[in-house]
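Listed below are the residues making up each chain.
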Amino acid sequence: MLIARSVEECREARAQLVGTVGLVPTMGALHEGHRSLMRRALAECDHVLATIFVNPTQFAPGEDFAAYPRSEEADLAACEDEGVSLVFIPPVEEMYPEGASTTVSVGELSTILEGASRPGHFDGVATIVTKLFAVTTPTRGYFGQKDAQQLLVIRRLARDLLLGVEVVGCPIIREESGLAMSSRNAYLTDEERAQAAALSRGLRTAETGWLGGLRDAATLRQMVHDEIAAQPLARIDYVSLADEETLAECDGRVTRDALLSVAVRFGKARLIDNAVLRVPPTSR
Ligand code: AMP
């Protein structure tokens, strides 16, 4: 496994990779969710190129950039274990050269939900992913459905900017309790962690209702809300049921595929999770 720390080293090492390349961008503190992306990439591509970079521009002032968990040694071992060919792990100055002033912004999609709660977040994401695509020129990029809105933003930017990278979305990996795996779960106390299982439980409850024919948007949102609000340590940021493609909030009877998503604070951690509610082909 090769390790590149500068853009130049990465371009040189990338040029040596023969065949298709699957890119897995991460911020490190790798867990099974990240590893599942690497496995999928390895199954579908000749080489996996992983990046580890805690991107400062996607953190708003006052967020956890400085405190974000960093574990380089264990992360490199995990990459090696998953058969990664090349890891790009640059310092901030490599990705943001002195005086860099260009930003990628996908517009409307990045101003709602996560974008409303975290101003500037998706511009930071879109900018860094564009740079990573430019440096690594992958065949495909692998991203988790865990960050559903981020996946939409990246699909949009790859399409709009004609980047020629196929964006692949991968399923959410969960702990046994249902809690979606996240590097930020490390911030949770035992008590918070136990209560945080309510996010996935709420989503499952609504999903069960949906599968049983429940279609009223407000009722579906309420089911998720009630399950989470019953946890004393939970502070709900939002519960959303929105069009799966545009993220326009659903109203009344839901007739198209929809994204049910939540953001909830538990102490120092801000957790997100989601479920896609699909309209069965027979009832379209
Ligand atoms: P991060 O390191 O949090 O920026 O995540 C890097 C990539 O891993 C993103 O595409 C995430 O959506 C994905 N990811 C994070 N957690 C999970 C999970 N529990 N299941 C699947 N993918 C995940």
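Residues numbered from 1 in each chain as written. Predicted model: local features only at pLDDT ≥ 70, side-chain atom pairs only at ≥ 80, totals over all residues. Heavy atoms only, no water.

Concerning the site of the ligand
H34, G144, D147, I173 and M181 are the nearest of the 17 residues found near the ligand. Between an oxygen atom of the ligand and a main-chain N or O atom of M27, the distance comes to 2.9 Å. A distance of 2.9 Å is found between a nitrogen atom of the ligand and a backbone nitrogen or oxygen belonging to I173. Taking a 2 Å distance to the grid points as the criterion, the majority of the atoms of the ligand fall inside the largest pocket. (Near = heavy atom within 4 Å. Polar contact = N/O pair within 3.5 Å; in protein donor to acceptor, adjacent residues only side chain to side chain. 1 Å grid on protein atoms, 1.4 Å probe; cavity = no way out; pocket = protein on both sides within 12 Å on 5 of 7 lines; lining within 4 Å. Sits in = over half its atoms within 2 Å of the grid points.)

Details of the pattern of salt bridges
Going through the model one piece at a time under the given rule, you end up with 20 salt bridges. The partner of R35 in a salt bridge is D81, with the nearest N and O atoms 3.0 Å apart. Taken together, the residues R35 in helix α2 (residues 32–44) and D81 in helix α3 (residues 72–81) connect sequence positions 46 residues apart. The exposure class of D81 is exposed, given its relative accessible area of 55%. Here the residues in one salt-bridge network are E32, R35, R39, D81 and E82, joined through shared partners. (Salt bridge = Lys/Arg side-chain N within 4 Å of Asp/Glu carboxyl O. Helix = DSSP H or I, 4+ residues; strand = E, 2+ residues; numbered from the N terminus. Buried < 20%, exposed > 50% of the residue type's maximum accessible area, 1.4 Å probe, protein only.)

Quick word on the environment of I154
Inspection of the secondary structure puts I154 in helix α7 (residues 148–160). Along the sequence, I154 and V167 sit 13 residues apart, while their C-alpha atoms lie 7.5 Å from each other. Setting aside chain neighbours within four positions, we find I154 in contact with V125, V129, F133, F143 and V167. (Contact = heavy atoms within 4.5 Å.)

Here we look at the pairing of strand β6 (residues 166–170)
In terms of strand pairing, strand β5 (residues 140–144) meets β6 through five bridges, oriented parallel. Its bridge partner lying in β6, F143 is registered against G169. Taken together, β5, α7 and β6 form a β-α-β motif whose crossover is right-handed. (Pairing = 2+ DSSP bridges. Right-handed = clockwise from strand over helix to strand, strands pointing away.)

Describing the layout of surface pockets
The gaps of empty space that remain are located by a probe, the size of a water molecule, rolled over the atoms. By volume, the largest pocket amounts to about 1000 Å³. Taken together, 50 residues make up the lining of the largest pocket; nearest its centre are M27, Y68, D147, Q150 and R184. Contributions of two or more residues to the lining of the largest pocket are made by β2 (21–26), α2, α5 (114–117), α6 (121–136), β5, α7 and β9 (269–277). Residue composition of the lining of the largest pocket, grouped by class: 23 nonpolar, 17 polar and 10 charged. Mapped onto the domain boundaries, the lining of the largest pocket takes at least three residues apiece from domain 1 (2–170) and domain 2 (183–275). (Points joined across faces, edges and corners; volume = space filled by probe spheres on them. Nonpolar A, V, L, I, M, F, W, Y, C, P; charged D, E, K, R; others polar. Domains from an automatic or database assignment.)

Some remarks on the sheet that holds strand β7 (residues 234–243)
Taking strand neighbours across the sheet as the criterion, the three strands line up as β7-β8-β9 in an open arrangement whose pairing is antiparallel. Edge positions in the sheet fall to β7 and β9, since each of these pairs with one other strand and no more. Taken over all neighbouring pairs, the strand axes of this sheet differ in orientation by 15° on average, direction set aside. In terms of strand pairing, β7 meets strand β8 (residues 258–266) through nine bridges, oriented antiparallel. Within β8, the residue paired with D243 across the bridge is A258. Its contacts with the sheet place helix α8 (residues 190–211) against β7, β8 and β9, and it is angled at close to 15° to β9. (Axes fitted to C-alpha atoms, helices over the stretch in contact; angles between N-to-C directions.)

Just distances and angles here, no functional claims.
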